[in-house]
Structures are given as C-alpha cells and as structure tokens.
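These are the residues of each chain, in order.
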Amino acid sequence: MRTTLGIDRVTDAPSIEPAPAGLGAANEMTLPSLVPGDRSPAVRALLIVFDLSLLALLVVIVVRDDAAQLFKVVFFLLTLAAFFWDLRTFLVRAAFWSVITTVVVIGSVVAGRAPLRELIDVVYFVAVLALVFTVNSRRKASAMQVQSLLAEKRDQVDRLLDQAEIKADFTAMVVHEFGNPLAALRRLNEMMRIEGLDPEARAFVLESTRAELSVLETLVADISATATIERDDFRVEQHAVEIARLVDQAETYGRSVCGQHSFSVVASDGLRARCVVADPDRIAQVIRNLISNAAKYSPPSSAISVRFVALAPDVLRVEVADEGRGVNPEDLERIFDKFGRAAVADSMRVPGVGLGLYICRRLIRAHGSELTVRSDPGHGSTFGFDLQLVKEAS
C-alpha cells in the first residue's frame, strides 16, 4: 500500500504505470496443462478418453496378430501428451501405460506374433519418455525460477515507486512547511526596515522572528533526527540515569514552552533519587517532543502534566498528559507513521511534517519499550512509555 500525504504536489513527477494484475500468469513460459488438482468435468473427460484410447490400442494388439506395431502409437501419444500435462500427471500415466504396453509386447514376442527386436524398440521409447520427463522437469524449474525473479523485480519496482512517491510528497511538504516561516521572516524583515518603528512594534517583530526561527529549527532538527535513527548502525547508549535529571529537564523545558498553560511535573521524592536504564539525551528528546506537542494542541490555560510513576519495582512509567482536542480513533496509529499527522493537526494549522511522534516511537523502541497513547476526543490525550528501573540496593 502506498503512502499518500494529502498535500498538493509542487511538481508533477512522471509516473510509471504498474504492471496489470495477472501479468505474471500471462507471461508464464508454460503450455496448457491438465493439472491433477483441476477436477472440472472437461479435464476428467479428456483423461478418460485418453486412457480408453490407449486401452483400445492395447486390446487391438492382443487380439490381432498383425497389430503388434501399434504399441509405438501408444508411446507416441504419451510423448505428445507430455507437452499438455503437468509433470505429475505425465509421470503417473507414462509409468502405468509403459509397464502395461511392455507386458503386452513381451507377450506378443513370446507368442511369436512380434519379432524380438520390438523389445529393443520398447526400451528406446521408454528412454524417450524418460528424456521428455527430464526436459520438462528442467523447463518447469527454469520457468518457476524466471517467475520468481520477475516477482522479485516487480516488488523492487513497487518499492522504488513507493519511495519515489514518498520522496516527492516529502519534498513538497518540506517546501510548504519551510515556505510559510520564510515568507513571514521576509515580511518581518521589511517591517524592521521601516523608519520610526515604535519600540512596541519592534518588540513584536523580534518576538515573531524568534518564533518563526524556532519553527525552522524544529523542522531541521526533525529531519536530521529522522536521518540519524534510520541508519542501520543507529544505537542508543543506555546506562544508569538519575530520574531527578529527567524530571529537572522536563520541568525546565516545560516552563519555557508552556507559558500560557498550567504546567506541572509529578514525581515523588523517593522516585527522584532512583535511576533508570536509558540514553538520557534520547529520552529527554522524547519528553521534550511530547511536551511540545501537548502545548501545540492544547488551548491556553489548560493543564499539561508530566508524570513519573513506578508501576512495579523495576518499571518506571513516564506519561505526558494534556487537555487538548485529543486524537480521533482512526488516527491513533497513523500519528506514529512517518509523515503521519492527525486530522486535528491540519484543521488547527499546526506546523510540522509529521516526524515528531515517528521519531519518538523509534527512540522508545530502541530502548526495548513502546510509545502508547490514550485519547478521549475533545478531552485530551496521554502519551506514555516504560523504562527499566535500576534495582535499589538492599
């Protein structure tokens, strides 16, 4: 399934039409066959007619003294049928009728109705059938190998098309997201050049400039972080980290971005003194991102809280809760996808390219945990993850 991002393309990229369904079957290097699994009346009728025809030939050979040469017709029909039957049907019928025909010819030779050299012809025809079977077996194996290679190439083409489409969508999205702050910065710069600009307006321009630069900085950081975590050699450096350090970082960052909200960090004194096994920089990055999202999607004066709770002697639960608009049920998984954004993000015109939660989930999974969400549309969301607590010294 290809990922579409719901935005307008900046440029029209050339498209490659995928191969129509059933193309592989149409190009298979095989002739029509009577497969044993096909129980249609037509196939059964053809097999019965063939068997009755061979039986009639053998009856004629046995009954008539001058019909010994007809056994060659039996082998000819078997050889001809090899090009229409599947290998299993051919093997079973060729073996059965070869044995019966050989017995009939031996009987004719013993009875003096056929010369001894006919036995040599029987051996020759059996060898021909064996050769035909071997050739067909190898032909079928080669055809299957070709089909496998074609299927693999089709998968590669599909993946390349998906990647090309994602790249085009990503480029369009980045251009769109970078374009808005850059246009705003251009207008703000023009305002700064106005002579006699009063101090209040100048302060507004400077604050707006800082906000737009912060948006650009976040976009660049998200793109850079995505490139980092998707490298094959990416690893998190986990070691014992004091929970107090994470609490202080969350409180400092939250106070700076949640100025219009009621922000709080909840962690007991006993818990602050303990340690978790984590990469402190990466966990701090996740917490900052979750706090930033909560501030973006929550109305002013609403509550945002970060909670550190011990669920078990060796499990720490970290949660970021808000009282925003929440996430619709159909968006609960999509928001963690690369470039995935909830419908509320578009309706609120929240800047971003849909990488924040994708990065967070990748970082948390690198810690052996999982980033989860509980949401009540219209009443807020709670994002959380678990970390391993270091055992207290006894």
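Since the structure is predicted, the reported quantities are computational estimates derived from the model, not experimental observations. (Residues numbered from 1 in each chain as written. Predicted model: local features only at pLDDT ≥ 70, side-chain atom pairs only at ≥ 80, totals over all residues. Heavy atoms only, no water.)

In terms of helices and strands, the chain carries 11 helices and 7 strands. The burial tally for the chain puts 37% of its 394 residues in the buried class. Counting only contacts in the chain whose residues sit at least 6 apart along the sequence, the fraction spanning at least 24 positions is 73%. (Helix = DSSP H or I, 4+ residues; strand = E, 2+ residues; numbered from the N terminus. Buried < 20%, exposed > 50% of the residue type's maximum accessible area, 1.4 Å probe, protein only. Contact = heavy atoms within 4.5 Å.)

Throughout the structure, instances matching the rule amount to 7 aromatic pairs. Here the aromatic rings of F336 and F383 are separated by 6.3 Å at their centres, their planes lie at 75 degrees, and the arrangement is edge-to-face. With F336 in the loop between β5 (315-322) and α10 (343-347) and F383 in strand β7 (residues 380-389), the pair connects residues that are 47 residues apart, well separated along the chain. Clustering of aromatic rings is evident, with ring pairs tying together F71, F75, Y124 and F125. It is R361 that lies over the ring of F336; its NZ or CZ is 3.9 Å from the centre. (Phe/Tyr/Trp six-rings, centres within 6.5 Å; stacked < 30°, edge-to-face > 60°. Lys NZ or Arg CZ within 6 Å of the ring centre and 35° of its normal.)

Another aspect to go through is the packing of helix α6 (residues 199-229) against helix α11 (residues 356-366). Viewed as axis vectors pointing N to C, α6 and α11 meet at an angle of 35 degrees, and their least axial separation amounts to 10 Å. As for the relative orientation of α6 and α11, their crossing is left-handed in sense. Note on element contacts: α11 touches α6 through G356, Y358, I359, R362 and L363, opposite D222, A225, T226 and I229. Each residue belonging to the contact of α6 with α11 can be placed in one class, and the counts come to 5 nonpolar, 2 polar and 2 charged. (Axes fitted to C-alpha atoms, helices over the stretch in contact; angles between N-to-C directions. Left-handed = near helix turned anticlockwise from the far one by under 90°. Nonpolar A, V, L, I, M, F, W, Y, C, P; charged D, E, K, R; others polar.)

Bridge analysis of strand β2 (residues 262-266) against strand β4 (residues 303-312) gives 5 bridges, and the strand direction is parallel. Looking at β4, one finds that S262 is bridged to A303. Across 8 bridges, the pairing between β4 and β5 is antiparallel. Note that in β5 the partner of A312 across the bridge is V315. As consecutive antiparallel partners, β4 and β5 are separated by 2 residues. (Pairing = 2+ DSSP bridges.)

Quick look at the confidence of the model for the chain now. Low-confidence regions, as indicated by low pLDDT, have predicted coordinates that should not be scrutinised in detail. Looking at the chain, the pLDDT average stands at 78 and 81% of residues meet or exceed 70. Note on residues 1-38: pLDDT is under 50 here. Beyond four places in sequence and across chains, it has 52 contacts. Within the model, pLDDT remains below 50 along residues 342-348, and this stretch shows 17 contacts once partners closer than five positions in the same chain are excluded. (pLDDT = per-residue confidence, 0-100.)

A separate point is the nonpolar core. The biggest cluster of nonpolar side chains holds 45 residues, and the ones touching the most others in it are V276, F308, L371 and F385. Core analysis: the second largest hydrophobic core is formed by 25 residues, F50, F71, W85 and V109 among them. (Core = buried A, V, L, I, M, F, W, Y, C linked by side-chain atoms within 4.5 Å.)

Turning our eyes to something else, we now look at unusual backbone geometry. A positive phi angle, near 75 degrees, is found at S301, a position not held by glycine. Secondary-structure assignment places S301 in the loop between α9 (280-297) and β4. What makes S301 exposed here is its relative accessible area of 62%.

Side chains carrying opposite charge are able to pair once their charged atoms draw close together. As enumerated under the stated definition, the model contains 13 salt bridges in all. Between E251 and R255 there is a salt bridge, with the nearest N and O atoms lying 3.6 Å from each other. In this pair, E251 and R255 are both assigned in helix α7 (residues 243-257), 4 residues apart and thus about one turn of the helix distant. Residues D386 and R317 are paired through a salt bridge, measuring 3.0 Å at the closest nitrogen-oxygen approach. With D386 in strand β7 and R317 in strand β5, the pair connects residues that are 69 residues apart, well separated along the chain. Through salt bridges with shared partners, one network takes in R307, R317, E319, R374 and D386. (Salt bridge = Lys/Arg side-chain N within 4 Å of Asp/Glu carboxyl O.)

Okay, the side chain of S381 next. On the secondary structure map, S381 appears in strand β7. With relative accessibility at 4%, the residue S381 sits in the buried group. Side chain to side chain, S381 and S375 meet in a polar contact 2.9 Å long. (Polar contact = N/O pair within 3.5 Å; in protein donor to acceptor, adjacent residues only side chain to side chain.)

Right, let's talk about the side chain of D279 for a bit. For D279, the position within the fold is in the loop between β3 (275-278) and α9. No salt bridge is formed by the buried D279, whose closest oppositely charged neighbour, R282, lies at an N-O distance of 4.6 Å. Those residues in contact with D279 that lie beyond four places of it in its chain are V236, E237, Q238 and H367. (Lys, Arg positive; Asp, Glu negative; His and termini not counted.)

In this model, helix α4 (residues 87-110) (24 residues) spans 34 Å end to end at C-alpha, consistent with the 34 Å of a helix rising 1.5 Å per residue. Taken as a whole, α4 has its buried residues at L87, T89, F90, R93, A94, W97, S98, T101, V104, V105, S108 and V109. Among the residues trailing α4, G112 stands out with phi positive, at a value near 80 degrees. (Expected span 1.5 Å × (residues − 1).)

The geometry of helix α3 (residues 71-81) relative to α4 is characterised by a closest axis approach of 10 Å and an angle of 175 degrees between their N-to-C directions. By the angle class used here, α3 and α4 are roughly antiparallel. The residues of α4 that touch α3, namely those facing F71, V74, F75 and L78, are F90, R93, A94, W97, S98, T101 and V105. Grouping the amino acids of the contact of α3 with α4 by side-chain chemistry returns 8 nonpolar, 2 polar and 1 charged. (Parallel < 35°, antiparallel > 145°, perpendicular 65-115°, else oblique.)

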